[in-house]
Each structure stands twice: as C-alpha cells, then as structure tokens.
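Here are the chains, one letter per residue:
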Amino acid sequence: MSFSLPALRRKWSCRGYMSAGAAMVTVALVLADRAEARKYASPLDIFGIAAPRPRATVHSAKVPGKIPLPRPRPEEAPKASDDAAPESAGKPSAEKPSPEKPSPDKPSADEPGASKPAEAAPPPEKQASSCRLALTEEIAIASSIPDIRGPGACGGEDLVRLEAIVLPDKRKVAVKPAAILRCTMASAIADWVRKDMVPLAASLGSTISDLDNFDSFECRGRNRVVGATLSEHGKANALDVRAIKLVNGQSIGLTDRTMPREVRERVLHSVCSRFSTVLGPGSDWYHEDHIHLDLAQRRNDYRICQWNVWDPLPQVAPLLPAERPEEAPPREVAAKPEPKQGADDEAAQKSPSDKPAVDGSKAQPHKPATKKRR
C-alpha cells in the first residue's frame, strides 16, 4: 500500500489547524503500529489491516506410487508370542474391537456402583393353591398338571391327575384309568372313598381295591350333544363312576340290580350329601349304566340328586324245560297187557265170512277195492 500527498489530501482533507505534515505523521504512526496490531483481533477491521486468521493444517497428498511405512511399535505394547501358529498365516484374522475406555461420567462395570445390563427376568412361579397344599401324598397320589385352555371355555386351572387314593391304613385304591380333575373335585372324591366307601366295604367283609372311572375330563357338551351347554366334564369338574371293586373279587355295581338294594341306597345317600349333582338311572336315560358326580356351582347352592334305585328284576320262568336232575329215578316204559290164549283161538276161528247175510245168502269174502287204471 503506497501513499502520496495529493492522494491523501483528496481522501482526507486537512483544514484549519491540521497541515499536511501532521497528516503524514499520522499515517506513519499507523504504519508503524501495523505489526503490533496484527497480534490482536480487531472487532471492526475497516481497513483490512488486522492479523489474518490461521489456516487449517495442510496435509500432504498421498502419492499413488508410494506406500506409507507402519508406525513404530510402542515400548509398552506386549511382545508378540512366538507360538503364533503359522496356521493363521494367510488367513484373515478378524480384528477384535478395542475395549471402550470408561468415561469419567460413567462408572465401569467392575466398580461397585456400576449398573449391570438388564437381563430378562424369569416369569414368576405360580403359587400353589390351598387345595393343592392340603391334598398331600397321605391322602391321594395326584400330580399337578399345567392349566388347560381349550376351545369354548374348555379346561381349567389348578388341575391334577388322580391316580390313586390312599386309605387311612396306607393302602391305595387305584383309579382306573387315572382321572384328570380339578383339585377341589379330586379332594372331594378322595374324602368320599376314605370316609364313606371304606366302612361300606368293611360291612361286606372286605376293603376297596379299585375305583372304576367311566369318564373324567372331556371337552364336550352335555350328554355329548352337539351344540349343547358345556358339560362339567369339559371343565374337569365331574367324574362318572361305574363300580367299586373289592379285594375279595366282589364288585359293587352302582347300577346293578342284582346288588342288594340296601347297599345301593347307602351309596346314594352318601354321594347326594357330598356332591352338588348326582345323575343315575331314571334321570335322563344317559346314565343308566353309571353315576355322574360333579361340583357345579348354582344359585343358592341348589343341588340335583336324580338316581332311582330300582328293585331287582322279577324271576321269569324259562321257556325251555328244566334239565332232569341226575338223582331222579329212570323212567319206566309202559308195557302192553298180554292177551289170553283161549280168547285168541276163538277170535281166529271167527271170521266175517261165517256170518250169514241179511238176505239169507252166503256172504262173499271181502276184497280190497282197487282203482282202475285209465
């Protein structure tokens, strides 16, 4: 930048007390302090004489023909193991990501105050019901099974597989086949057998060995009718019993008419006092050969007990004659009376030809009539 006196006069006119020499002195001072002004940033650089801003570091461009040398290995770096197999030579080794350095704001995982990553919490275990806790192995062999969720509200919760009932004397009454029931229904069956059926069997001179299970859990409508209301069997809340077998081989058929009426009536009174539904012969023609028991909940604790204890069938006379007993005496064959000898001679002497004819002529001997052939 060059300055001349005529140009200076045109740009800054100095009149009055200011002369041209003063103007030159001012410009000289400005130029003298220019180097000093470069050291400080000027808020308003009107004349463009402030210190230039530093430029970014210029990196030298890579020449395509040259290969950069590797950096020198730091002294604190671990020494390479000599056991490095030449197997890995030629195979590209995956570089392991370097562990992140813990930031000062976040504590590391090793520190006591560090928070570990959240893990999936296991589902809470289902607590056993009061019925399940009460139904111990001293009462029944009934293992718990998972809840059943079937179509149309079939199934239920707190289910067990009733395999046997343990009597007070530690003997077991097998349930054949094993029944799938709710815990409350299984507990009611066990109490009924232990407290009511054991004394009944003792009065017959024996004890119970098996319980004949006709049907337990089955997802179906009532009486197996399509579209009917869901049966208590579909809720695992019912059991069909056909007979109770004793150790001496005798079987108490609950619907068998040959069994004494007193025994069947005793079973009837016991089940109707314990279960909310009892269906047997005479109820709806679907329970003629077994007894249905369930614990259905109804309004005002309403109960149903429909079981007609039929009398034994009358003895009907057989159509065929009874067999002859072995001790009967042998049958005698009737013999014809023998004719007298004198009577036979007189009868032989008399002949129809000896009889005179009515007209007085001699009668001709009788000849059998023969049919003429045509």
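Structure's up top.
Treat the numbers as computed from the prediction; the structure is a model and nothing was measured.

Enquirer: Would you take a moment to explain the overall build of the chain for this structure?
Expert: Within the chain, the regular secondary structure consists of 7 helices and 11 strands. The buried share among the 374 residues of the chain stands at 24%. Put simply, 57% of the contacts in the chain that link residues at least 6 apart link residues at least 24 apart. When the accessible area of the chain is evaluated, it comes to approximately 30,200 Å², of which 56% is carbon and sulfur surface.

Enquirer: Can you help me understand the state of the cysteines in this one?
Expert: For the structure on display, the rule yields 3 disulfides. The side chain of cysteine 272 participates in a disulfide bridge whose partner is cysteine 305; the two sulfur atoms lie 1.7 Å from each other. One disulfide, between cysteine 272 and cysteine 305, carries an S-S torsion of 45° and so falls in the right-handed class. With a gap of 33 residues between them, cysteine 272 in helix H6 (residues 261–274) and cysteine 305 in strand E11 (residues 304–306) connect regions that are remote in the sequence. Its relative accessible area of 40% is what places cysteine 305 among the partly exposed residues. For the chain, the bonded cysteines connect in the pattern 1-3, 2-4, 5-6 when numbered consecutively along the sequence.

Enquirer: What's the story with unusual backbone geometry in this structure? I'm lost.
Expert: One can expect most non-glycine residues to show negative phi and most peptide bonds to be in trans. Of the consecutive residues lysine 176 and proline 177, the connecting peptide bond is found in the cis state with omega at -15°. Topologically, proline 177 is positioned in strand E5 (residues 172–182). Here the phi dihedral of asparagine 223 falls at roughly 60°; this positive angle occurs in a residue that is not glycine. You can see asparagine 223 is positioned in the loop between strand E6 (208–215) and strand E7 (238–246). Owing to a relative accessible area of 28%, asparagine 223 belongs among the partly exposed residues under this scheme.

Enquirer: Would you mind going over the packing of aromatic side chains with me for this structure?
Expert: Remark: the centre distance and the inter-plane angle together describe each pair of aromatic rings, the angle taken between the planes. The tally for this structure, following the rule as stated, stands at 1 aromatic pair. Centre to centre, the rings of tryptophan 192 and phenylalanine 275 are 6.4 Å apart; their planes meet at 80°, and the pair counts as edge-to-face. Of the two residues, tryptophan 192 sits in helix H5 (residues 183–203) while phenylalanine 275 sits in the loop between H6 and strand E9 (277–279), which places them 83 residues apart along the sequence. Taking relative accessible area as the criterion, phenylalanine 275 reaches 1% and is therefore assigned buried.

Enquirer: Help me out: how do you make sense of the packing of H5 against H6 in this one?
Expert: Packed helices, taken two at a time, are described by the angle between their axes plus the distance between the axes. One can describe the packing of H5 onto H6 by two numbers: an axis separation of 11 Å at closest approach and a directional angle of 165°. Considering their axes alone, H5 and H6 lie roughly antiparallel with respect to each other. In the crossing of H5 with H6, the sense of the turn from one axis to the other is right-handed. Listed contacts from H6 to Asp191, Trp192, Lys195, Asp196, Met197, Pro199, Leu200 and Ser203 of H5 are Val263, Arg266, Val267, Ser270, Val271 and Arg274. Taken together, the residues of the contact of H5 with H6 sort by class into 7 nonpolar, 2 polar and 5 charged.

Enquirer: Hey, could you run me through the nonpolar core in this one?
Expert: Nonpolar side chains tend to gather and get buried jointly when the protein is soluble and globular. Of all hydrophobic cores here, the largest spans 42 residues; its most connected members are Leu162, Ile189, Trp192, Phe275, Leu293 and Trp307. Of all the secondary-structure elements, those providing two or more residues to this core are strand E1 (140–145), strand E4 (159–166), E5, H5, E6, E7, H6 and strand E10 (291–294). If you tally residues by element for this core, the top one is H5, at 11 residues. When sequence neighbours within four positions are dropped, the list of residues in contact with tryptophan 307 reads Leu254, Arg264, Val267, Leu268, Val271, Val278, Gly280, Pro281 and Ile291.

Enquirer: Quick question: what am I supposed to make of H6 here?
Expert: Owing to its 3.6 residues per turn, the α-helix brings residues three or four apart onto one side. Taking 1.5 Å per residue as the helical rise, H6 with its 14 residues ought to reach 20 Å, and the 21 Å between its terminal C-alpha atoms agrees with that figure. Those residues of H6 that fall on the buried side of the exposure criterion are Val263, Arg264, Val267, Leu268, Ser270 and Val271. Contacts made by the buried residues of H6 are with H5, strand E8 (251–253), E9, E10 and E11.

Enquirer: Would you explain the pairing of E6 in this entry?
Expert: Most of E6 sits out of view: 7 of its 8 residues are buried. Pairing geometry for E5 and E6, over 3 bridges, is parallel. Opposite valine 175, over in E6, you have leucine 211 as the bridge partner. The β-α-β motif built from E5, the intervening H5 and the parallel element E6 has left-handed crossover chirality. Here 6 bridges tie E6 to E7, and the two strands are oriented antiparallel to one another. Of the residues in E7, the one forming a bridge with aspartate 215 is aspartate 240.

Enquirer: Just to check I follow, could you spell out the pattern of salt bridges for this structure?
Expert: Opposite charge on two side chains permits them to pair, given that their charged atoms come into close proximity. In total, this model carries 13 salt bridges according to the counting rule given. Between aspartate 215 and arginine 224 there is a salt bridge, and its shortest N-O distance comes to 3.3 Å. A salt bridge links arginine 261 to aspartate 311, with the nearest nitrogen and oxygen atoms 2.6 Å apart. On the criterion of sequence distance, the pair formed by arginine 261 in helix H6 and aspartate 311 in the loop between E11 and helix H7 (341–349) is long-range, its members being 50 residues apart. Look at arginine 261 and you get partly exposed, because its relative accessible area is 30%. The class for aspartate 311 is partly exposed, based on a relative accessible area of 48%.

Quick notes on the rules
- Residues numbered from 1 in each chain as written.
- Predicted model: local features only at pLDDT ≥ 70, side-chain atom pairs only at ≥ 80, totals over all residues.
- Heavy atoms only, no water.
- Helix = DSSP H or I, 4+ residues; strand = E, 2+ residues; numbered from the N terminus.
- Buried < 20%, exposed > 50% of the residue type's maximum accessible area, 1.4 Å probe, protein only.
- Contact = heavy atoms within 4.5 Å.
- Areas by Shrake-Rupley, 256 points an atom, 1.4 Å probe, with all protein chains shown as cover.
- Disulfide = S-S within 2.5 Å.
- Phe/Tyr/Trp six-rings, centres within 6.5 Å; stacked < 30°, edge-to-face > 60°.
- Axes fitted to C-alpha atoms, helices over the stretch in contact; angles between N-to-C directions.
- Parallel < 35°, antiparallel > 145°, perpendicular 65-115°, else oblique.
- Left-handed = near helix turned anticlockwise from the far one by under 90°.
- Nonpolar A, V, L, I, M, F, W, Y, C, P; charged D, E, K, R; others polar.
- Core = buried A, V, L, I, M, F, W, Y, C linked by side-chain atoms within 4.5 Å.
- Expected span 1.5 Å × (residues − 1).
- Pairing = 2+ DSSP bridges.
- Right-handed = clockwise from strand over helix to strand, strands pointing away.
- Salt bridge = Lys/Arg side-chain N within 4 Å of Asp/Glu carboxyl O.

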